[in-house]
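Notes for the structure review
Spelled out from the first residue to the last, the chains are:
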Amino acid sequence: MDAPSLMAAYQLRQREYLLRITRAMNSRLDLPSLLRLILASAAELVAAPAGLIVLYEEDEPVEFDESGTRLEGGRLRIRAYYGFSRQLLPTFRPLLEFWPVPGSRAELQDNEALLDRYRYELEERVREVEAHLGRPLGQVIGLPLVFEEELLGIIYLFRTGSAFTHLDWEFLQGFADQAAIAVRNARLYQQLARERGRLAAIIDNSINGFLILTPGRRVEVINQALAAMLGLSKEEVVGRPCDQVLRLQNVAGDNLCDEPDLLPRLLESPLRCEGDIPRPDGSHISVAVTYTPLFDERGRLANIIGNVVDITPFREEEEIKSTFVSIISHELKTPVAIIKGYAQTLARPDAEWDPETARQGLQVIEEEADRLETLIDTLLDVSRIQAGGLKLDLAEVDLARLLERIVAAYRTQTERHCIELDLPPDLPVIVGDEERLRQVFTNLLSNAIKYSPEGGTIRIGGWVEEDPRRPGRQRAVIYVADQGIGIPESELPHIFDRFYRGDTGLRRRTSGVGLGLYLVHAIVEAHQGEIWIRSEVGKGTTVFVALPVDERE
Ligand code: ATP
Ligand code: MG
């Protein structure tokens, strides 16, 4: 075969090879493995025993030197290597800070003068590397990876034997253009995957519920928060019609899941509704749902996004506020009305009161003023608790003496009840806030009296035991037991709630705002203690309070 036909056969083989490699490159979306393939193929094409691929990092912060000057080309990184060991890579640093050509990086192509300068500069850099390396690298070729005017990076190939020819350069440049497309695609794909992952993470970790529906209103995606609200697993839900998944009760607004007729309106603007999700335990969660349409590139409905926000706390807060207003206004108005009535009567200019009547009237005024004061203190305490907990004034408290004094004071207030104090002699001194603990036991004792209208025995007792929450440590348990009306089981879970009052006939006949046990609970918690209740309707109630003995470490 003569020289030209040999050449033609060689070129044909190279072209076939290029085609094969291009195909292989384009099917690879994993960037590291793609870069390895590109480098190995380029090296094979021109029989180069060693090479590097350096790429510009995306989204990398700009680097500055000590003087604050921006480092030129500081963003190039070695992303693939071939024919060297890993330890040698730092030696190639001169090639990373390398971009000597002024103006657009893409101007290099088809510009012979620039190309010459580029080659010259490149040789210089390679000599620098060789000086560090202590051995020759030989011929070098630096192929810019250019995609649409943007320089993505450079493929470096080294060959010690024969020099790279113009043909090698041209042929490799064609290869590099294909490689640049593949790199660009892989990067785009990576970016997309990253973005998708980010979005999935946001949706999945959001405390709001998310639901992605098909245009036919079947569930395609549901996040953890919504699955938890519904009490279902993600797997149970995916693929099912939305009205079987998000079953709202007491709906106000436009619930797309239940009403397919709303679909045309959704295309115009998002739809909103509020409703309740029933829970297996009989409670419910109040939610606000927003349905938003998502269109594809041709403007057709692709998905419906449902955003579900738990508004239970707001609803509860609203309820509490209205309870607050009605209870407080009643509880405040009553004593004020009584005080005013007595004061007006006593002050009448046309009447002369005998001293006994006047004294009784003034006593009522004083008692009602005390009630008002207690109520105001309670309200202040409640707002303190809500603003971030109670502050305790800790000191040693002799529980036995404290209880004796409280009982003595209450004995004078009731004739129908027999109050018994039965404490073990070895009840230890604990560390606590004496005033707060006094509040705890006066509240419990006043409840015991208030909710035993027929009288009976009220027994206060206690014992010391090992603290189940802190093995090896002790706690004192004090109980207040009455023989009163008792608390129905259904009310027990709410008994410590703010403004909760039992639904008994007594409720209307006794005064109270439903804050006593709320306060007691908060004080016991602040002492790292525990409180629980045992009660039987018609038989009586026992409230237990456990307080750690060695609170101060
Ligand atoms: P106050 O804020 O004046 O104490 P209250 O006594 O109604 O008002 P809590 O002490 O918090 O409020 O008690 C809440 C509810 O628990 C009461 O309304 C009552 O129904 C029930 N309760 C509390 N203690 C007893 C008890 N010893 N026996 C029966 N029911 C009780
Ligand atoms: Mg009470």
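To be clear, the structure that these remarks concern was listed above.
These figures come from a predicted structure and were not determined experimentally. (Residues numbered from 1 in each chain as written. Chains lettered and ligands numbered in written order. Predicted model: local features only at pLDDT ≥ 70, side-chain atom pairs only at ≥ 80, totals over all residues. Heavy atoms only, no water.)

**Things to note about the pairing of strand β15 (residues 474-481)**
The line we're drawing: Residue burial is assigned from relative accessible area. The probe radius is 1.4 Å, only protein chains are included, and a residue is buried under 20% of its type maximum, exposed over 50%, and partly exposed in between. The numbering of helices and of strands both runs from the N terminus, where a helix is a DSSP run of H or I of at least 4 residues and a strand a run of E of at least 2. The pairing criterion for strands is at least two bridges between them, as found by DSSP.
With seven of eight residues buried, β15 is to be regarded as a mostly interior element. With seven bridges joining them, β15 and strand β17 (residues 540-548) adopt antiparallel strand pairing. Bridging across to β17, Val480 finds its partner in Val543.

**Side note on the layout of surface pockets**
Stated formally: A pocket, in this scheme, is an open set of points on a 1 Å grid over the protein atoms alone with protein on both sides within 12 Å along at least 5 of 7 lines, while a cavity is a set where a 1.4 Å probe fits but cannot get out; residues line either one if an atom lies within 4 Å of a point. Grid points are joined across faces, edges and corners, and a volume is the space filled by probe spheres set on the points. Side-chain classes are defined by residue name, with Ala, Val, Leu, Ile, Met, Phe, Trp, Tyr, Cys and Pro counting as nonpolar, Asp, Glu, Lys and Arg as charged, and the others, Gly among them, as polar.
In this structure, the second largest pocket encloses a volume near 760 Å³. Lining the second largest pocket are 23 residues, with Glu319, Ile320, Asp497, Arg498 and Tyr500 sitting closest to its centre. Considering every element that reaches the lining of the second largest pocket, the biggest residue donor is helix α10 (residues 312-347), with nine residues. A class-by-class count of the residues in the lining of the second largest pocket yields four nonpolar, ten polar and nine charged.

**Brief notes about the site of ligand 1**
Here is the rule we go by: For this purpose, a residue is taken to be near a molecule or strand whenever a single non-hydrogen atom of the residue falls within 4 Å of it. Counted as a polar contact is a pair of N or O atoms within 3.5 Å, where, for protein atoms, one must be capable of donating a hydrogen and the other of accepting one, and residues adjacent in sequence contribute only when both atoms are in side chains. For the area figures, the Shrake-Rupley method with a 1.4 Å probe applies, and any residue is considered shielded solely by the protein chains shown.
As a matter of local geometry, ligand 1 sits amid 17 residues, with Asn447, Asp482, Arg501, Leu515 and Leu517 nearest to it. Measuring from an oxygen atom of ligand 1, one finds a side-chain N or O atom of Asn447 at 2.8 Å. In this structure, Gly514 approaches ligand 1 through a main-chain N or O atom, which is 3.0 Å from an oxygen atom. Notes on ligand 1: free accessible area 590 Å², of which the protein chains cover 92%. Contributing elements (two or more residues each) for the shell around ligand 1: α13 (434-450) and α15 (516-526). Split into classes, the residues belonging to the shell around ligand 1 amount to seven nonpolar, seven polar and three charged.

**Notes on empty space enclosed by the protein**
Tallying each qualifying case throughout the model produces one cavity of 30 Å³ or more. Lining the largest cavity, in full, are Asp467, Arg469, Arg475, Gln528, Gly529, Glu530, Ala546, Leu547 and Pro548. Broken down by element, the lining of the largest cavity gets its largest block of residues, three residues, from β17. Of the residues contributing to the lining of the largest cavity, the split by class is three nonpolar, two polar and four charged.

**Quick word on the pairing of strand β16 (residues 530-536)**
The pairing of β16 with β17 spans seven bridges and is antiparallel. Each residue of the ladder has a partner; that of Glu536, found in β17, is Gly540. Hairpin remark: β16 followed by β17, antiparallel, with three residues in the connecting loop; positive phi at Gly538, about 85°.

**As for the packing of aromatic side chains**
Definition in use: Planes of paired rings set the category: under 30 degrees apart is stacked, over 60 is edge-to-face and the rest tilted, where pairs are Phe, Tyr or Trp rings (Trp by its six-membered ring) whose centres lie within 6.5 Å.
Under the counting rule described, the total for this entry stands at seven aromatic pairs. Geometrically, the ring pair formed by Phe92 and Phe158 is tilted, given 5.9 Å between the ring centres and 45° between the ring planes. Of the two residues, Phe92 is situated in the loop between β2 (76-82) and α3 (93-96) and Phe158 in strand β4 (residues 150-159); the sequence distance between them amounts to 66 residues. The class for Phe92 is buried, based on a relative accessible area of 0%. Residue classification places Phe158 among the buried residues on the basis of a relative accessible area of 2%.

**As for the sheet that holds strand β1 (residues 50-56)**
Threshold: Inter-axis angles, ranging from 0 to 180 degrees, are taken between N-to-C directions of lines fitted to C-alpha atoms, where helices are fitted over the stretch in contact. Two residues form a contact once any of their heavy atoms are found within 4.5 Å.
Reading across the sheet, the four strands line up as β2-β1-β4-β3 and stay open at both edges, with antiparallel pairing between neighbours. The sheet is open, and its two borders are formed by β2 and β3 (139-147), each paired with just one other strand. Averaged over all pairs of adjacent strands, the angle between strand axes in this sheet comes to 20°, irrespective of strand direction. Summarising the sheet, β1 and β4 pair through six bridges and their orientation is antiparallel. Across the sheet, the residue bridging to Ala50 is Phe158, located in β4. The sheet strands contacting helix α2 (residues 31-45) are β1, β2 and β4, and the helix crosses β2 at an angle near 60°. Here helix α5 (residues 166-205) sits on the sheet and contacts β1, β2, β3 and β4; the angle it forms with β3, its principal contact strand, is near 45°.

**Let's talk about the state of the cysteines**
Rules: The term disulfide is used for any two cysteine sulfur atoms that are within 2.5 Å.
All told, the structure shown has one disulfide when counted by the stated rule. Covalent S-S linkage joins Cys242 and Cys257, the inter-sulfur distance amounting to 1.5 Å. Of this pair, Cys242 sits in helix α8 (residues 242-245) while Cys257 sits in the loop between β7 (249-253) and α9 (263-268); the two residues are 15 residues apart in sequence, bridging distant segments of the chain. When its relative accessible area of 1% is taken as the criterion, Cys257 is described as buried.

**Overview of the sheet that holds strand β10 (residues 301-310)**
Pairing is antiparallel across the open sheet formed by six strands, whose spatial order is β6-β5-β10-β9-β8-β7. Of all strands in the sheet, those with a lone pairing partner are β6 (219-222) and β7, marking the two edges. Between one strand axis and the next, the sheet turns by 25° as a mean value, whatever way the strands run. Pairing of β7 with strand β8 (residues 271-278), which is carried by three bridges, proceeds in the antiparallel orientation.

Interpretation in functional terms is not warranted from these geometric data alone.
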